[in-house]
Amino acid sequence: RLSHPGFCRGNSVERKIYISLNKTAPCVRLLNATHQIGCQSSVSGDTGVIHVVEKEEDLQWVLTDGPNPPYVVLLEGALFTRGRFEGFLSPPSTPSGVYSNSYGPEFAHCREIQWNPLGDGLAYEDFSFPIFLLEDENETKVIKQCYHDHNLSPNGSVPTFPLCAMQLFSHMHAVISTVTCMRRSSIQSTFSINPEIVCDPLSDYNVWSLLKPINISGALEPDDRVVVAATRLDSRSFFWNVAPGAESAVASFVTQLAAAEALQKAPDVATLPRNVMFVFFQGETFDYIGSSRMVYDMEKGKFPVQLENIDSFVELGQVALRNSLELWMHTDPMSQKNESVQNQVEALLSTLERSGAGVPAVELRRLNQSQPLPPSSLQRFLRARNISGVVLADHSTVFHNRYYQSIYDTAESINVSYPESQSPEEDLNFVTDTAKALADVATVVGRALYQLAGGTNFSDTIQADPRTVTRLLYGFLVRANNSWFQSILRQDLRSYLGDGPLQHYIAVSSPTNTTYVVQYALANLTGQVVDLTREQCQDPTRLARALSPAFELRQWGSTEYSTWTESRWKDIRARIFLIASRELEFITLMVGFGILVFSLVVTYCINAKADVLFIAPREPGAVSY
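Residues numbered from 1 in each chain as written. Predicted model: local features only at pLDDT ≥ 70, side-chain atom pairs only at ≥ 80, totals over all residues. Heavy atoms only, no water.

Things to note about the overall build of the chain
Of regular secondary structure, the chain possesses 16 helices and 19 strands. The principal-axis extent of the C-alpha atoms belonging to the chain is close to 125 × 70 × 55 Å. For the chain, long-range pairs separated by at least 24 residues make up 79% of all intrachain contacts whose partners lie at least 6 apart in sequence. As displayed, the chain offers around 30,000 Å² of accessible surface, 52% of which is attributable to carbon and sulfur atoms. Of the charged side chains in the chain, 50 are positive and 66 negative, and the gap between their average positions amounts to 5 Å. (Helix = DSSP H or I, 4+ residues; strand = E, 2+ residues; numbered from the N terminus. Contact = heavy atoms within 4.5 Å. Areas by Shrake-Rupley, 256 points an atom, 1.4 Å probe, with all protein chains shown as cover. Lys, Arg positive; Asp, Glu negative; His and termini not counted. Charge placed at Lys NZ, Arg CZ, Asp CG, Glu CD.)

Here's what the structure looks like:
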């Protein structure tokens with residue numbers, strides 16, 4: 001019998017047999033218009049003898065030498081690479097960006113630049129077996145101890161039963177593709193009283209705000225001009241809802257929040273000739289869900305700002321891992337074949353360079369005009385209209401981020417660390433070097449937006465606050481449940497804040513925690529203190545639906561819009577226990593079957609001779625003389 005004081009609670013038979021693993025993250029199934037990716041178990045779960053793989057040679061035991069298959073492999077993170085998994089389906093990328101066979105064919109499918117050469121695409125494979133991440137070191141130790149006690153025999157001999165085994169449950173309801181699963185869900189919803197939905201579209205909300213608020217029920221006039229400042233909110237990894245996204249998302253949207261705060265403090269913002277719209281897109285990791293939906297709503301007149309109102313577009317990409325002082329300005333070479341757009345882009349780059357001239361810690365660099373844009377929301381806007389836009393990033397070609405869309409894209413990966421002797425409250429306010437560097441970038445962006453909006457008098461006074469940046473980094477990457485986040489959120493939302501970092505996977509239940517926190521942080525940083533009641537106060541920070549237009553149009557096989565869905569499941573859990581040999585299991589089965597047959601025979605014989613074995617009692621009142 002397995003026992004562990006941290007896991008056994010109560011006296012039920014199940015708890016005496018099994019140790020449940022409560023801190024795990026599964027790989028789940030996602031689907032698009034043509035493929036399925038991710039992992040799943042069988043309906044009843046997959047069970048195998050545990051084998052710990054700590055070096056390359058240990059895999060040989062699992063693959064060929066092990067006498068008691070099947071096995072469940074406990075794999076060290078460094079060995080979890082494409083080389084360990086062969087022969088699985090890999091879906092092609094969908095043409096969601098601006099480059100295609102008809103627009104910049106030389107840049108389509110990343111032919112010019114492989115932006116993430118270290119990525120092996122494992123998260124976009126389809127696996128027919130379950131894969132789980134163990135998040136609790138104590139649970140990992142329990143598994144290893146069980147393995148050493150029962151599965152590891154001396155001198156390389158065959159281990160004797162009972163053996164330590166693991167059972168993984170992660171059966172997925174959806175199969176094949178989004179087209180198939182959405183059709184099945186639609187049929188169920190139409191004809192069934194209790195429909196069983198098998199998948200859900202990935203969706204959430206974009207967060208947006210205008211520097212000069214407008215009536216949300218109306219729309220801008222055609223002559224009104226808006227400068228768009230954009231970035232993404234989401235990231236992902238191989239495992240469900242484990243998406244720290246420090247460099248791929250957090251650093252950029254934290255920088256934009258700091259830039260918005262700095263710009264709002266300029267004395268003449270209310271009189272600037274052009275407005276500034278701050279946008280934080282959700283779902284960009286999955287074929288630009290948020291930006292494609294906003295473009296769609298703009299084209300259909302369902303959004304207060306129209307495409308024709310956009311004067312210029314400034315997007316923050318990955319900005320936390322700058323080499324030296326360089327910040328690279330990426331532009332689209334195809335739209336600049338139009339002379340008017342080229343002149344506008346040139347003016348945009350010149351404005352950024354002037355803004356950077358007053359910040360010695362940031363050096364703006366131009367790129368060859370024949371180089372395509374990196375993955376960015378700007379691409380979705382360019383598919384609809386030629387606009388002058390730029391993407392600011394810490395890389396000129398390939399990503400500096402070694403952990404793009406990985407569980408390792410954490411605070412440590414962007415050099416955010418704190419002295420060990422400090423309390424959590426001291427860590428919250430400790431200004432790290434990364435915070436100072438991002439504040440410099442935010443200062444450049446704030447000053448550039450001010451000038452692009454037509455400001456001339458107070459550009460040099462715009463200065464991002466490193467304390468704001470460091471608080472945001474701490475809250476999103478280290479500890480969400482901190483005093484500052486608690487102070488800016490509504491009371492009913494504070495329970496969403498955990499003691500660890502927030503995760504930035506878009507998911508299907510929305511708004512996510514990240515969306516709420518960014519919305520309230522933006523309102524707090526750009527709002528003004530007024531003497532009004534809660535009912536009189538209007539929040540200028542708003543949410544806009546980030547659901548792919550493909551699902552509104554019921555075009556589940558669309559190649560124009562994102563079609564990503566997430567499968568539903570009934571049960572996801574993992575547990576370990578001791579397993580007997582097949583011989584003992586067979587003997588136990590036969591003995592049980594024999595006892596059953598014997599009991600049936602005995603019952604039959606007793607029933608047949610009941611009149612002899614059991615004498616009927618006398619009737620009451622009957623007396624013999």
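Some remarks on the packing of aromatic side chains
Going through the model one piece at a time under the given rule, you end up with 25 aromatic pairs. Measuring from centroid to centroid gives 5.7 Å for F286 and W564, while their planes differ by 65°, and the two rings are edge-to-face. Note that F286 is positioned in the loop between β12 (275-281) and α6 (289-299) and W564 in the loop between α14 (549-552) and β18 (565-567), a separation of 278 residues in sequence. When the centroid spacing of 5.9 Å and the interplanar angle of 35° are considered together, the rings of W484 and F485 count as tilted. In this structure F485 comes out as buried when scored by relative accessible area, which is 0%. Through a chain of ring-to-ring contacts, three or more aromatic side chains come together here, namely F80, F127, F129, F238 and F239. For the cation-ring pair, R545 lies above Y205, with the distance from its terminal atom to the ring centre recorded as 5.0 Å. (Phe/Tyr/Trp six-rings, centres within 6.5 Å; stacked < 30°, edge-to-face > 60°. Buried < 20%, exposed > 50% of the residue type's maximum accessible area, 1.4 Å probe, protein only. Lys NZ or Arg CZ within 6 Å of the ring centre and 35° of its normal.)

Thoughts on the sheet that holds strand β11 (residues 226-232)
The strand order β15-β14-β16-β13-β11-β12-β10-β17 describes an open sheet built from eight strands, whose pairing is mixed. Edge positions in the sheet fall to β15 (363-366) and β17 (541-547), since each of these pairs with one other strand and no more. Taken over all neighbouring pairs, the strand axes of this sheet differ in orientation by 25° on average, direction set aside. Strand contacts of helix α10 (residues 433-452): β11, β12, β13 (310-316), β14 (326-330), β15 and β16 (389-393), with the helix running at about 180° to β13, the strand carrying the most contacts. Across the sheet, helix α13 (residues 513-526) lies against β10 (203-210), β12 and β17, angled at about 5° from β10, the strand it touches most. (Pairing = 2+ DSSP bridges. Axes fitted to C-alpha atoms, helices over the stretch in contact; angles between N-to-C directions.)

Observations regarding the nonpolar core
With 80 residues, the main nonpolar core has F253, L392 and F476 as its most contacted residues. Top contributing element to this core by residue count: helix α5 (residues 246-264), with twelve residues. Setting aside anything within four residues of it in sequence, one finds F253 in contact with T231, R232, L233, F280, F476, H504, T514 and V518. Counting residues in hydrophobic clusters, the runner-up holds 29 residues, among them A108, L220, V228 and M334. (Core = buried A, V, L, I, M, F, W, Y, C linked by side-chain atoms within 4.5 Å.)

Here we look at the environment of W484
Looking at the secondary structure, you find W484 in helix α12 (residues 483-488). You can call W484 buried: its relative accessible area is 11%. For W484 and E425, which are 59 residues apart along the polypeptide, the C-alpha to C-alpha distance reads 9.4 Å. Excluding residues that lie within four positions of it along the chain, W484 makes contacts with L428, R471, L472, N524 and L525.

Side note on the UniProt feature "transmembrane region" (unreviewed entry) in the chain
Those places that UniProt annotates as "transmembrane region" (unreviewed entry) correspond, in this numbering, to residues 586-606. Measuring from the first to the last C-alpha atom of residues 586-606 gives 30 Å, for a span that is 100% helix and 0% strand. (UniProt positions renumbered as here; feature names shortened; annotations may be inferred.)

Remarks on the packing of α5 against α13
Between α5 and α13, the shortest axis-to-axis distance is 8 Å and the interhelical angle comes to 20°. In this view, α5 runs roughly parallel relative to α13, as classed from their interaxial angle. Crossing of α5 over α13 shows right-handed handedness. For the pair α5 and α13, the contacting residues are F253, L257, A260, E261 and Q264 in the first and T514, V518, A521, L522, L525 and T526 in the second. Its residues placed into classes, the contact of α5 with α13 shows seven nonpolar, three polar and one charged. (Parallel < 35°, antiparallel > 145°, perpendicular 65-115°, else oblique. Left-handed = near helix turned anticlockwise from the far one by under 90°. Nonpolar A, V, L, I, M, F, W, Y, C, P; charged D, E, K, R; others polar.)

A look at the state of the cysteines
Covalent bonding between the sulfur atoms of two cysteines is what defines a disulfide. Per the counting criterion, the structure on display carries three disulfides. One disulfide bridge connects C146 with C164, the sulfur atoms lying 1.9 Å from each other. Every disulfide takes its handedness from the sign of the S-S torsion; for C146 and C164 that torsion is 115°, giving right-handed. Of the two residues, C146 is situated in helix α3 (residues 137-150) and C164 in strand β8 (residues 163-172); the sequence distance between them amounts to 18 residues. Here C146 and C164 have matching classes, each one buried. (Disulfide = S-S within 2.5 Å.)

Description of the pattern of salt bridges
Throughout the structure, instances matching the rule amount to 20 salt bridges. Across the pair E552 and K302 runs a salt bridge whose closest N-O atoms are separated by 3.1 Å. Remark: K302 occurs in the loop between α6 and β13 and E552 occurs in helix α14; sequence separation between them is 250 residues. Judged by its relative accessible area of 36%, E552 falls in the partly exposed class. (Salt bridge = Lys/Arg side-chain N within 4 Å of Asp/Glu carboxyl O.)

So, unusual backbone geometry
The omega torsion of the bond from P69 to P70 falls at 0°, within 30 degrees of zero and hence cis. Counting through the fold element by element, P70 comes out in the loop between α2 (58-65) and β6 (71-75). In this chain, F161 is followed by P162 through a cis amide linkage whose omega measures 0°. Looking at the element boundaries, P162 is found in the loop between α3 and β8. At D287, a residue that is not glycine, the phi angle is positive and equals roughly 60°. Following the sequence through the fold, D287 ends up in the loop between β12 and α6. For D287, a relative accessible area of 14% translates into the label buried.

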